[in-house]
Amino acid sequence: MQADWIWGLVGGAMIGTAAAAYLLLNGRIMGASGIIGRLADGSEQRASRSSALENLAFLLGLALVPGLLWLVIGRPATNLTSQPVILIAAGLMVGAGTRLANGCTSGHGVCGLSRLSFRGFVATVFYLVGGGLSVIFFRHLLGIS
Amino acid sequence: MRLLAAFGCGGLFGAGLLVSGMTDTTKVIGWLDIFGDWDPTLAFVLAAAIVPMAIAWRIAPRRKTAVFGGPLSPPPFRDADRGLVLGSLAFGFGWGLAGLCPGPSVAVLLFGGWNSLLFLIAMLAGMVAAPVLRARIDRLAAG
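Not measured: the values here are computed from a predicted model.

About the cut-offs
- Residues take numbers from 1 onward in each chain, read along the sequence in its written order.
- Here the convention is simple: chains get letters from A, ligands get numbers from 1, in the order in which they are written.
- Residues qualify for local features only when their pLDDT is at least 70, as the model is predicted, and side-chain atom pairs are given and counted only at 80 or more; totals for whole chains, interfaces and linings, by contrast, use all residues.
- Where side-chain values are given, they derive from all heavy atoms of the structure, hydrogens and water being excluded.
- Only DSSP runs of H or I covering at least 4 residues are called helices, and only runs of E covering at least 2 are called strands; the numbering of each starts at the N terminus.
- Relative accessibility under 20% of the residue-type maximum defines a buried residue, over 50% an exposed one, and the middle range a partly exposed one, all with a 1.4 Å probe and only protein chains included.
- The accessible surface values rely on the Shrake-Rupley method and a 1.4 Å probe; as for residues, cover is taken only from the protein chains in view.
- Positive: Lys, Arg. Negative: Asp, Glu. His and the chain ends are not part of the count.
- Every charge is mapped onto a representative atom, which is NZ of Lys, CZ of Arg, CG of Asp or CD of Glu.
- UniProt positions are given in the numbering used here, feature names are shortened, and annotations may be inferred rather than shown by experiment.
- Note on ring pairs: Phe, Tyr and Trp rings are taken, using the six-membered ring of Trp, and paired if centres are within 6.5 Å. Classes follow the plane angle, with under 30 degrees stacked, over 60 edge-to-face and the rest tilted.
- In this analysis the charged atom, NZ for Lys or CZ for Arg, is taken to sit over a ring once it is within 6 Å of the ring centre and within 35 degrees of the ring normal.
- Expected helix span is taken as 1.5 Å per residue step, with the number of steps being one fewer than the number of residues.
- It only takes one pair of heavy atoms within 4.5 Å for two residues to be counted as in contact.
- Buried area: the accessible surface (1.4 Å probe) lost by two parts on joining, summed over both.
- Think of a salt bridge as a Lys or Arg side-chain nitrogen and an Asp or Glu carboxyl oxygen that are within 4 Å of each other.
- Per the annotation, domain bounds derive from an automatic or database assignment of domains.
- Put simply, Ala, Val, Leu, Ile, Met, Phe, Trp, Tyr, Cys and Pro go in the nonpolar bin, Asp, Glu, Lys and Arg in the charged bin, and everything else, Gly too, in the polar bin.

The next point concerns the overall build of chain A. The number of helices and strands found in chain A is seven helices and zero strands. Listed by position from the N terminus, the elements making up chain A come as α-α-α-α-α-α-α. The principal-axis extents of the C-alpha atoms in chain A amount to approximately 45 × 35 × 35 Å. Each of the 145 residues in chain A was classed as buried or not, and the buried ones make up 56%. As displayed, chain A offers around 6,200 Å² of accessible surface, 71% of which is attributable to carbon and sulfur atoms. Chain A carries 9 positive and 4 negative side-chain charges, and their two centres are separated by 4 Å.

See the structure below:
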């Protein structure tokens, strides 16, 4: 669709505004993998109960608002694969990889690149390379989709 | 107030992911698929997202505290290390395979069905396992 890039810009600006607001209002960095991962392994709760609650509220918004908006804008498809092996393998790699790297697309990509962080740049290059190789390997060589 | 702001930021993040099409795994995989039917949308999303955040990084040092109190989280200064490179490569591999990264995996939870829940559970398991993996990698590297 031709309008895709316009919606990309609009949605991107919303994502960046959310990251800016989380930094200036709450003093926190909007990195999805860090927020989820530190709640999952309990390190956030051990460090501070209130900051764990804050990140929980963030995740609640992250799940509820698009869930409601999805109903309003015509239920766009996720086109997510339904093959359990792929979902599990991909989930494990995304989870372990982002925690090893201390960041994902939002943390290293949006928050890192915007302050010209060397680490953010290195991470972004390597996850893009990994993603590109993954598509070549799984999709084009093995025919998995 | 802090909790409400956090909820609002999460909501705006999620709404932005949905509006930009980043909850559609074919658009994400399409961006990574440079030898296939390449979809440049993700580049527009990332470029537009960086602008407000770059402004926020310039405002932040002039403030002592966040608007709702408490310290402004300083950007973490660490060196690029093995974990950063290997972790990002592994993340990219999983990202290209399913088309979901951590933010969208939560954003699609209410309409992505059981498949998205399975992905999220596996991702949480991977996150919890990461420290063990890190220790292993360090031991291997140390010889």
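Additional details are given in the paragraphs that follow.
All names here are of chain A. The UniProt record annotates "transmembrane region" (unreviewed entry) at residues 6-25, 56-73, 85-104 and 116-138. As annotated, residues 85-104 has a helix share of 80% and a strand share of 0%, and its two end C-alpha atoms lie 22 Å apart. Taken end to end, residues 116-138 comprises 91% helix and 0% strand; its first and last C-alpha atoms sit 32 Å apart.

Across all of its chains, the model carries ten aromatic pairs over all chains by this definition. Arranged with centres 5.8 Å apart and planes meeting at 75 degrees, the rings of Phe138 of chain A and Phe93 of chain B form a pair that is edge-to-face. Placement of the pair is Phe138 of chain A in helix 7 (residues 118-141) and Phe93 of chain B in helix 4 (residues 82-98), with the two residues belonging to separate chains. Residue class for Phe93 of chain B comes out partly exposed when judged on its relative accessible area of 24%. Following the ring pairs from residue to residue traces out a cluster consisting of Tyr22 and Phe58 of chain A together with Phe13 of chain B. Arg115 of chain A extends its terminal NZ or CZ atom over the ring of Trp57 of chain B, reaching a point 5.7 Å from the ring centre.

Before going further, it helps to spend a moment on helix 1 (residues 4-26) of chain A. The end-to-end C-alpha distance of helix 1 of chain A is 32 Å, a good match for the 33 Å that 23 residues give at a rise of 1.5 Å each. One or two residues past the end of helix 1 of chain A sits Gly27 of chain A, with phi positive at roughly 75 degrees.

With 96 residues of chain B in contact, the opposing surface of chain A contributes 101 residues. Roughly 8,900 Å² of surface becomes buried between chain B and chain A when both sides are summed, with 78% attributable to carbon and sulfur atoms. Counting the surface chain B buries against chain A, the share from its top three residues, Phe13, Phe93 and Leu97 of chain B, is 8%. Inspection of the chain B/chain A interface yields two salt bridges. The shortest N-O distance in the salt bridge between Arg2 of chain B and Glu54 of chain A comes to 3.1 Å.

The accessible area lost on association of the parts is a frequent measure of interface size. Residue and element names in this part refer to chain B. What the domain assignment reports for chain B is domain 1 (1-77) and domain 2 (79-143). Computed from C-alpha atoms alone, the centre-to-centre distance between domain 1 and domain 2 is 19 Å. Each side of the interface is counted separately: domain 1 has twelve residues, and domain 2 has eleven residues. At the boundary of domain 1 with domain 2, total buried surface from both sides reaches about 810 Å², with 81% on carbon and sulfur atoms. If you look at where domain 1 meets domain 2, you find zero salt bridges. When residues of the side of domain 1 that touches domain 2 are traced back to their parent elements, those giving at least two are helix 1 (2-20) and helix 2 (25-32). A per-element tally of the side of domain 1 that touches domain 2 places helix 2 first, with five residues. Looking at the side of domain 1 that touches domain 2 residue by residue, the class counts come to nine nonpolar, three polar and no charged.

All names here are of chain B. Feature annotation in UniProt places "transmembrane region" (unreviewed entry) on residues 41-60, 81-100 and 106-130, given in this structure's numbering. Between the end C-alpha atoms of residues 41-60 the distance is 29 Å, and the span holds 95% helix and 0% strand. Across residues 106-130 one finds 80% helix and 0% strand; the C-alpha atoms that close the span lie 19 Å apart.

Residue and element names in this part refer to chain A. We note that Arg75 has phi near 45 degrees; this positive angle belongs to a residue other than glycine. Inspection of the secondary structure puts Arg75 in the loop between helix 4 (49-72) and helix 5 (84-100). For Arg75, a relative accessible area of 52% corresponds to the exposed category.

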